[in-house]
Amino acid sequence: MTHPRYFAPGQLQFITASTYRRVPLLSSPRFCREFVRVLAQVREEFKFRLLGWVLMPEHFHLLMWPQPAESTSQIVQQLKQRTAASILRALRRNAANPWCARTLERLRLPPSVHDQPTFRVWQRRFYPYGIYTEKKRLEKLAYMHGNPVKRGLVWSPDQWPWSSFRFYHLGDDSILKMDRLP
């Protein structure tokens, strides 16, 4: 049973969502570029502010300010649905490639699941964390930007293109521009 979520008006949300079975889909630059494209599209449609982000091989974090606050679940749902459709389409189209074939197999739902789709890209739930203070906002940004280093993917956060670090610390908005708080 899922419990309804409450999102306080004007509150920043730190969102975490993981891939199904922690499959490292986002180790593919192609899928990272697609995620960023869809994120920008959903951001434009829902008019939320994006203050930080990071893509890791098997999960993502967003620091966002949705308006209205109740749109958080719909935003994440659209982001996950659209990226899943695109990723599955690419994997199926390239199923002759061994990596794509193995990845598709790892995303296959077990026979005991009686849902319509036979594959799943994202875990069903996402995890929101309300941000109430400037100190906590800065802490979450530092956490996101340090995540690729902590995991040993790069030596320095500026080497990881799939986060907001480059925007904040290098003035680089070529991948995705961040919003500022009013």
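In this text, all values refer to a predicted model and were calculated from it rather than measured experimentally.

Here we come to the packing of aromatic side chains. Taken as a whole and assessed by the stated rule, the structure comprises six aromatic pairs. Measuring from centroid to centroid gives 5.2 Å for Phe167 and Tyr168, while their planes differ by 85 degrees, and the two rings are edge-to-face. We classify Tyr168 as partly exposed; its relative accessible area is 23%. Within the aromatic cluster, the residues linked to one another by ring pairs are Phe35, Phe60 and Trp122. Stacked on the ring of Tyr20, the Lys or Arg Arg120 has its end atom at 5.7 Å from the ring centre. When the ring centre of Tyr129 is taken as reference, the NZ or CZ atom of Lys140 above it lies at 4.6 Å.

Let us now look at unusual backbone geometry. What is expected of a backbone is that most residues other than glycine have negative phi and most peptide bonds are trans. Residue Gln67 is joined to Pro68 through a cis peptide bond whose omega torsion reads 0 degrees. Among the secondary structure elements, Pro68 is positioned in the loop between strand 3 (59-65) and helix 2 (72-93). The backbone of Arg22 shows a phi angle near 55 degrees, a positive value even though the residue is not glycine. One non-glycine residue, Lys47, lies in the positive phi region at around 55 degrees. The residue Lys47 is located in the loop between helix 1 (29-46) and strand 2 (49-56) in this model.

Attention now moves to helix 4 (residues 134-150). Taking 1.5 Å of rise per residue, 17 residues should cover 24 Å, and helix 4 covers 23 Å from first to last C-alpha, within 8% of that figure. Maximum bend of helix 4: about 25 degrees, positioned at Met144, with proline Pro148 one to four residues after it. Those residues of helix 4 that sit buried are Arg137, Lys140, Leu141, Met144, His145, Asn147 and Pro148. Tucked inside the fold, the buried residues of helix 4 contact strand 1 (12-18), strand 2, strand 3, strand 4 (127-131) and helix 5 (165-170).

Before going further, it helps to spend a moment on the environment of Trp122. Take Trp122: it is sitting in the loop between helix 3 (98-107) and strand 4. Each C-alpha atom of the pair Trp122 and Trp99 lies 18 Å from the other, and the pair is 23 residues apart in sequence. The residues touching Trp122, leaving out its near neighbours within four places in the chain, are Ala17, Ser18, Thr19, Tyr20, Leu26, Phe35, Phe60, Lys80, Thr83 and Ala84. Side-chain polar atoms of Trp122 contact the backbone oxygen of Lys80, separated by 3.2 Å. A polar atom in the side chain of Trp122 sits 3.0 Å from the side chain of Thr83.

Helix 2 packs onto helix 1 with a crossing angle of 145 degrees between their chain directions and a minimal axis gap of 9 Å. The two elements helix 1 and helix 2 cross, and the hand of that crossing is right-handed. In this structure, helix 1 uses Arg30, Phe31, Glu34, Phe35, Val38, Leu39, Gln41, Val42, Glu45 and Phe46 to contact helix 2, whose residues at the interface are Gln74, Ile75, Gln78, Leu79, Arg82, Thr83, Ser86, Ile87, Ala90, Leu91 and Arg93. Looking at the contact of helix 1 with helix 2, its residues break down into 11 nonpolar, five polar and five charged.

Reading the values: the criteria
Residues numbered from 1 in each chain as written. Predicted model: local features only at pLDDT ≥ 70, side-chain atom pairs only at ≥ 80, totals over all residues. Heavy atoms only, no water. Phe/Tyr/Trp six-rings, centres within 6.5 Å; stacked < 30°, edge-to-face > 60°. Buried < 20%, exposed > 50% of the residue type's maximum accessible area, 1.4 Å probe, protein only. Lys NZ or Arg CZ within 6 Å of the ring centre and 35° of its normal. Helix = DSSP H or I, 4+ residues; strand = E, 2+ residues; numbered from the N terminus. Expected span 1.5 Å × (residues − 1). Bend = angle between axes of the 7 residues up to and from the residue. Contact = heavy atoms within 4.5 Å. Polar contact = N/O pair within 3.5 Å; in protein donor to acceptor, adjacent residues only side chain to side chain. Axes fitted to C-alpha atoms, helices over the stretch in contact; angles between N-to-C directions. Left-handed = near helix turned anticlockwise from the far one by under 90°. Nonpolar A, V, L, I, M, F, W, Y, C, P; charged D, E, K, R; others polar.

What is shown is where atoms sit, not what they do.
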